[in-house]
Amino acid sequence: MQVRTRFAPSPTGYLHLGGLRTALYTYLFARRNGGKFILRIEDTDQEREVPGAVEKIYASLAAAGLSYDEGPDVGGEYGPYIQTQRRDLYLPYAQELVRRGGAYYCFCTKERLDEARAQAEKEGKTFKYDKHCLHLSPEEVKRRIEAGEPYVIRQNVPTEGKAGFDDLLYGHVEVDCSTLDDNVLIKADGLPTYNFANVVDDHLMAITHVMRGTEYLSSAPKYNLLYEAFGWTPPTYIHLPVVMRDATRKLSKRYGDPSFEDLLDMGYLRDAIINFIALLGWSPRSEREFFTLKELEECFDVEGLNKSPSIFDMDKLTWFNAEYMRKLSFEEFYELARPWMAKVLDPARFDLKRLAELLQARTEVLNRIPGMIGFLAEMPEFDNDLYTHKKMKTNPEIAKQALEAVKPVLEGVKDWTEQGLHDAVMAFIPETGLKNGQVLWPLRIAISGLASTPGGAFEIAYLLGREETLRRLDSSLKKL
Ligand code: GLU
């Protein structure tokens, strides 16, 4: 059997991280099993569609490196892959279902349904359609359709017994039919609902394995009734637990949680995000933490999936990202870091390449770069207390002494390079009777205004250049 999986997003906006994880697992499952990965756009709920969202889905999957074998923009034998482009195909299947007793036409007006809904609410019950139209004779149905009366087609769920299905992760899931509603399969506008289209399309596209969020776990028994009514074999289901932000709340854009796109924009690396997302609910059952997409394709398995919800820990993602930053070649890092550095520093004035060398080991996320280097563009305000450092044995008084002594040395440096600065200052320190730290710590503070910087005094002095370094030194001395 050829494994065929699909990712079936609705174009309602950005690709959220839970969606990305579903796409990733679905992709990995197909790749691991030598199968096909299909993209299908589920856009039959036109009211929820957001313009541009389909293009965003293509772009996000491409950015994630999840290439699909079939899909709207790549074609395939089972197309079209956009449900609204398949619109005429669903009605005949619904009609077939009516003939088989699994569905029926319903002409109930909105008013009648609203009334019934209000009544149910008053009685504290969940609304369920009362099968009012189930018993219309075929002749009456025909007459009303021909007269142009609007109608929907509803699933005819048995009133008794149980409906169930087998999930690879959750085992046998069963519900009482009495709890199920006769959902609409074909809407008054002729389009199918998700409930119907996903079943028809999974069947027609020969999908063998369906992975999706657990929010569909409770509807799946109902879908199984449809498969049974058609006499089709259902796919193997693997529902995936939700991704939580913390112990109490789901990850959600509404609360400002980032989408995949947001993370990329912030300067998280694709490979770090994918690695981190892969481990949100799947475990290799070893201590191993680092996986490339290629490696995941070779080892991903359903046995490693976890049934309990996983927590999206931003700090952990940041940790992964920092590790991936360090793994980049310098050239790769420089390429990525340059635009972030150029946001605050004029490339014509600063040696950004040297700065990137200093940054690579300490950059956790690219968007933190401007904050780390802004002091080069503009001297921050600082308090003289910053000169106090126990280990370095410095305080404002010693700083004043050290800076006054080192000033003429710097003024005399001919070769304004890190090495030139280093050699001149280090040769001079013994003459002052001070320890290295008692000169270098104050110098760094005096020209950067910060206790923590990428690089030390010589690197900063080199990056700032002679004029700016001496200017900063002067004004810091005046404050002492
Ligand atoms: N269109 C559904 C969604 O975006 C897909 C559910 C499924 O994979 O069956 O949630």
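Residues numbered from 1 in each chain as written. Predicted model: local features only at pLDDT ≥ 70, side-chain atom pairs only at ≥ 80, totals over all residues. Heavy atoms only, no water.

Asker: Help me get a handle on the overall build of the chain, residues and values and all.
Answerer: Tallying secondary structure elements over the chain gives 19 helices and 11 strands in all. What you see for the chain is a C-alpha radius of gyration of 32 Å, clearly larger than the 23 Å of a compact globule of 480 residues, by over 25%. Taken along its principal axes, the extent of the C-alpha atoms in the chain is 110 × 50 × 35 Å. Residue burial in the chain is summarised as follows: out of 480 residues, 50% are buried. Across the chain, contacts joining residues at least 24 apart in sequence account for 74% of those joining residues at least 6 apart. Only carbon and sulfur atoms are counted for the fraction: they give 50% of the accessible area of the chain, which is about 22,900 Å². (Helix = DSSP H or I, 4+ residues; strand = E, 2+ residues; numbered from the N terminus. Rg over C-alpha atoms; globule rule 2.2 N^0.38 Å. Buried < 20%, exposed > 50% of the residue type's maximum accessible area, 1.4 Å probe, protein only. Contact = heavy atoms within 4.5 Å. Areas by Shrake-Rupley, 256 points an atom, 1.4 Å probe, with all protein chains shown as cover.)

Asker: Just give me the short version of the pattern of salt bridges, but keep the residues and values in it.
Answerer: Any two side chains of opposite charge can pair if their charged atoms end up close together. The final tally for this structure, using the stated rule, is 35 salt bridges. For Arg270, the salt bridge is made with Asp271, and the minimal N-O distance between the two is 2.8 Å. Of the residues examined, Arg270 reaches a relative accessible area of 32% and is grouped as partly exposed. A network of salt bridges, in which partner residues are shared, links Arg6, Arg40, Glu42 and Asp202. (Salt bridge = Lys/Arg side-chain N within 4 Å of Asp/Glu carboxyl O.)

Asker: Explain the packing of aromatic side chains to me, using residue names and the numbers behind them.
Answerer: A full pass over the atoms with the stated rule returns 23 aromatic pairs. On the numbers, 3.9 Å between centres and 10° between planes, the contact of Phe230 with Trp232 is stacked. Take Trp232: its relative accessible area is 15%, and that puts it in the buried class. One aromatic cluster is present, built from ring pairs that chain together Phe276, Phe290, Phe312, Trp319, Phe320 and Tyr324. Lys343 extends its terminal NZ or CZ atom over the ring of Trp340, reaching a point 5.0 Å from the ring centre. (Phe/Tyr/Trp six-rings, centres within 6.5 Å; stacked < 30°, edge-to-face > 60°. Lys NZ or Arg CZ within 6 Å of the ring centre and 35° of its normal.)

Asker: An account of the layout of surface pockets is requested, with residue identities and associated values reported.
Answerer: Approximately 1,200 Å³ is the volume attributed to the largest pocket. Around the largest pocket, the lining comprises 46 residues; the ones closest to its centre are Thr12, His16, Arg48, Glu215 and Tyr216. For the lining of the largest pocket, the secondary structure elements donating two or more residues are strand E1 (4-7), helix H1 (17-32) and strand E8 (209-213). It is H1 that contributes the most residues to the lining of the largest pocket, five residues altogether. Taken together, the residues of the lining of the largest pocket break down into 18 nonpolar, 13 polar and 15 charged. Taken as a whole, the second largest pocket encloses approximately 620 Å³ of empty space. Forming the walls of the second largest pocket are 27 residues, and the residues nearest its centre are Leu113, Val152, Arg154, Val184 and Ala188. Sorting the residues of the lining of the second largest pocket by element identifies helix H4 (110-122) and strand E4 (152-155) as the ones contributing at least two each. In terms of residue class, the lining of the second largest pocket is made up of 11 nonpolar, six polar and 10 charged. (1 Å grid on protein atoms, 1.4 Å probe; cavity = no way out; pocket = protein on both sides within 12 Å on 5 of 7 lines; lining within 4 Å. Points joined across faces, edges and corners; volume = space filled by probe spheres on them. Nonpolar A, V, L, I, M, F, W, Y, C, P; charged D, E, K, R; others polar.)

Asker: Now, about the sheet that holds strand E3 (residues 103-106): what can you tell me, with residues and values included?
Answerer: The strand order across the open sheet built from three strands is E3-E4-E7, with neighbouring strands paired in antiparallel fashion. This sheet does not close on itself; its edge strands, each paired only once, are E3 and strand E7 (184-186). The sheet shows a mean angle of 40° between the axes of neighbouring strands, taken without regard to direction. Helix H3 (residues 87-99) rests against E3, E4 and E7 of the sheet, and its axis sits at about 110° to E3. (Pairing = 2+ DSSP bridges. Axes fitted to C-alpha atoms, helices over the stretch in contact; angles between N-to-C directions.)

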